[in-house]
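Okay, here's what each chain looks like letter by letter:
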Amino acid sequence: MLANDKAVNQGVAPVTYGDGARPPRGDYAAARADYTCDQHWERYTPQEHALYQRLYERQAAQLKGLACDEFIAAVEHLGTPQEIPRFDALSERLQRATGWEVVAVPGLIPEEAFFGLLAERRFPVTGWIRSPEEFDYVVEPDVFHDLFGHVPLLFNPVFADYMQAYGAGGLKASRLQSCEYLARLYWYTVEFGLIATPDGLRAYGAGILSSTGELRHSVLSPAPQRIGFDVERIMRTQYRIDSFQSTYFVINGFEQLFEATAPDFTPLYERVALQGELSADARLVSDRVF
Ligand code: PHE
Ligand code: FE
């Protein structure tokens, strides 16, 4: 979710549209009850396809040495960078690989709807693309963030299973009034996660991978702290949606992500509620620092 250099809380926060001065861009009236809608690929203009290509090529050019290998290997599944992909054709390839599909939505959707789609292995992708003036920064997630940032890793079997488990976990967290804690897990993994590899740290979070500035910042800058993945620690940690992150959590593989989140979170939510929150840049003695 971030849209280029600024993050927006997609799916995990109530529907928000920046400062509210501007009406939502998507046509919510045309959406079905589950918030999905038609992509209407034929409505994209040549200028919009060209903008997608410029965004894609700028980002693709800086992946080497900064994005994880799994992402780099999968990005080509998006198809030609010359035009905004047709969701139905992309879904066919994704179905064959991991059983996921992408579905169009008008923009940010309520969290329950978001979790429900993920639990069914359907990933919601915003139909519209930002304006040329928003090339470097757009408040809400657009088709470029959602596709380029999120869809490549859905071709990875372990990550694909994690996303579905997250959706099912979200429906449960709603019942337990613990969505805020689970949202932090999404933020610090799916959106802003780093992974340790034999060649050094790499990014796998979509908010990083679709951002022109945060990709280098997250992996190379001495400014942010990078600490070992710890579900409970993450659930206590607030996050920033209007600047680069000051803390990144590092996994050592997608298996770790899947296995560490497999246990029942019910007792964990209770503990976290008692422990209190940590600021986005807090440092604990128990943190494993990279
Ligand atoms: N194990 C979590 C629960 O019991 C569900 C979950 C799985 C949440 C994976 C996030 C990611 O609620
Ligand atoms: Fe996102």
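To start, this report covers the structure provided alongside it. Keep in mind that this is a model prediction, so the values were computed, not measured.

1. A few points about empty space enclosed by the protein
Here's step 1: Under the defined criterion, the tally for this structure stands at 1 cavity of 30 Å³ or more.
Here's step 2: Roughly 30 Å³ of volume is contained in the largest cavity.
Here's step 3: If you trace the largest cavity, you find it lined by Gly149, His150, Leu153, Phe159, Val190, Tyr204 and Ala206.
Here's step 4: Class assignment of the residues belonging to the lining of the largest cavity gives a composition of 5 nonpolar, 2 polar and no charged.

2. Thoughts on the packing of helix α6 (residues 157-175) against helix α7 (residues 179-191)
Here's step 1: In contact at an axis separation of 9 Å, α6 and α7 are set at 160° when each is read in the N-to-C sense. The angle between α6 and α7 falls in the class roughly antiparallel. Here the hand of the crossing between α6 and α7 comes out left-handed. In this structure, α6 contributes Phe159, Tyr162, Met163, Tyr166, Gly169, Gly170, Ala173 and Ser174 to the contact, and α7 contributes Cys179, Leu182, Ala183, Leu185, Tyr186, Thr189 and Val190.
Here's step 2: For the contact of α6 with α7, a count of residues per class yields 11 nonpolar, 4 polar and no charged.

3. Let's talk about the nonpolar core
Here's step 1: Grouped together as the largest cluster of nonpolar side chains are 83 residues, with contacts concentrated most on Phe123 and Val151.
Here's step 2: Considering every element that reaches this core, the biggest residue donor is α7, with 8 residues.
Here's step 3: If we ignore the near neighbours within four places in the chain, the residues touching Phe123 are Trp100, Glu101, Val102, Val103, Leu118, Asp146, His150, Val151, Leu154, Met163 and Tyr186.

4. Considering the packing of helix α4 (residues 111-119) against α6
Here's step 1: Where α4 meets α6, the closest approach of the two axes is 7 Å, and the angle between their N-to-C directions is 140°. Here α6 runs oblique to α4, going by the angle between their axes. Crossing hand, α4 versus α6: left-handed. Of α6, the residues touching α4 (which contributes Glu112, Phe115, Gly116, Leu118 and Ala119) are Met163, Gln164, Tyr166, Gly167, Ala168, Gly170, Leu171 and Ser174.
Here's step 2: Of the residues belonging to the contact of α4 with α6, the class tally is 7 nonpolar, 5 polar and 1 charged.

5. What about the sheet that holds strand β3 (residues 194-197)?
Here's step 1: Pairing within the open sheet is mixed, and its 4 strands lie in the order β4-β3-β6-β5. Two strands close off the open sheet at either side, each with one partner strand: β4 (200-203) and β5 (225-228). Adjacent strand axes in the sheet meet at a mean angle of 40°, parallel and antiparallel pairs treated alike.

6. Digging into the site of ligand 1
Here's step 1: Within the structure, ligand 1 sits among Tyr162, Ala165, Tyr166, Gly169, Lys172, Leu182, Leu185, Thr261, Ala262, Pro263, Asp264 and Phe265.
Here's step 2: Within the backbone of Ala262, one N or O atom sits 3.3 Å away from a nitrogen atom of ligand 1.
Here's step 3: The fraction of the free accessible surface of ligand 1 (330 Å²) that becomes covered by protein chains is 93%.
Here's step 4: Placement of ligand 1 is best described as lying within the second largest pocket.
Here's step 5: Of all the elements in the fold, those that place two or more residues in the shell around ligand 1 are α6 and α7.
Here's step 6: Looking at the shell around ligand 1 element by element, the count peaks at 5 residues for α6.
Here's step 7: Along the lines of polarity and charge, the residues of the shell around ligand 1 split into 8 nonpolar, 2 polar and 2 charged.

Cut-offs used in this document
Residues numbered from 1 in each chain as written. Chains lettered and ligands numbered in written order. Predicted model: local features only at pLDDT ≥ 70, side-chain atom pairs only at ≥ 80, totals over all residues. Heavy atoms only, no water. 1 Å grid on protein atoms, 1.4 Å probe; cavity = no way out; pocket = protein on both sides within 12 Å on 5 of 7 lines; lining within 4 Å. Points joined across faces, edges and corners; volume = space filled by probe spheres on them. Nonpolar A, V, L, I, M, F, W, Y, C, P; charged D, E, K, R; others polar. Axes fitted to C-alpha atoms, helices over the stretch in contact; angles between N-to-C directions. Helix = DSSP H or I, 4+ residues; strand = E, 2+ residues; numbered from the N terminus. Parallel < 35°, antiparallel > 145°, perpendicular 65-115°, else oblique. Left-handed = near helix turned anticlockwise from the far one by under 90°. Contact = heavy atoms within 4.5 Å. Core = buried A, V, L, I, M, F, W, Y, C linked by side-chain atoms within 4.5 Å. Buried < 20%, exposed > 50% of the residue type's maximum accessible area, 1.4 Å probe, protein only. Pairing = 2+ DSSP bridges. Near = heavy atom within 4 Å. Polar contact = N/O pair within 3.5 Å; in protein donor to acceptor, adjacent residues only side chain to side chain. Areas by Shrake-Rupley, 256 points an atom, 1.4 Å probe, with all protein chains shown as cover. Sits in = over half its atoms within 2 Å of the grid points.

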